[in-house]
Amino acid sequence: MTKLLQWLLGVSLIGIAWGLVTFDLLDLQLPAVYKEVAWPMPVYLLVVFGCYSLATVGYRVATFNDCEEAAKELQAQIKEAKADLKKKGLKM
């Protein structure tokens, strides 16, 4: 099962549970408090997902590994390309 299918399954299960509680489709006769809490739940979940995403991206950026060897190699390739372009008559 791919990650996309896992997410779609989870979201659909939460959506079905939300619809059952909010619209009382199974005639469960739940207290009104449950409906009042369930009605704005998608907005709360969206905010929580946004906070989680922001925290994950921030963590990944903070712990990003530097590749010093690759940086040196790239600098050497840039110098080589500049020298090659100067030979061909391009002025920088």
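About the cut-offs
Residues numbered from 1 in each chain as written. Predicted model: local features only at pLDDT ≥ 70, side-chain atom pairs only at ≥ 80, totals over all residues. Heavy atoms only, no water. Helix = DSSP H or I, 4+ residues; strand = E, 2+ residues; numbered from the N terminus. Buried < 20%, exposed > 50% of the residue type's maximum accessible area, 1.4 Å probe, protein only. Polar contact = N/O pair within 3.5 Å; in protein donor to acceptor, adjacent residues only side chain to side chain. UniProt positions renumbered as here; feature names shortened; annotations may be inferred. Domains from an automatic or database assignment. Contact = heavy atoms within 4.5 Å. Buried area = accessible area lost by both parts, 1.4 Å probe.

Before going further, it helps to examine the side chain of Thr22. With respect to the helices and strands, the residue Thr22 is situated in helix H1 (residues 3-23). Exposure remark for Thr22: the relative accessible area of 11% places this residue in the buried category. Reaching out from Thr22, the side chain makes a polar contact with the backbone oxygen of Trp18 at a distance of 2.8 Å.

Per the UniProt annotation, the sites labelled "transmembrane region" (unreviewed entry) are residues 43-62. The annotated region residues 43-62 carries 100% helix and 0% strand content, and the separation between its end C-alpha atoms amounts to 29 Å.

Taken as a whole, the protein is organised into domain 1 (1-39) and domain 2 (40-92). Measuring from the centre of the C-alpha atoms in domain 1 to the corresponding centre in domain 2 gives 39 Å. Counting residues at the interface gives 7 residues for domain 1 and 5 residues for domain 2. Contact between domain 1 and domain 2 buries roughly 430 Å² in total, counting both sides, with carbon and sulfur atoms accounting for 79%. When the buried area of domain 1 at its contact with domain 2 is split by residue, Trp7, Val37 and Trp39 rank highest and sum to 58% of it.

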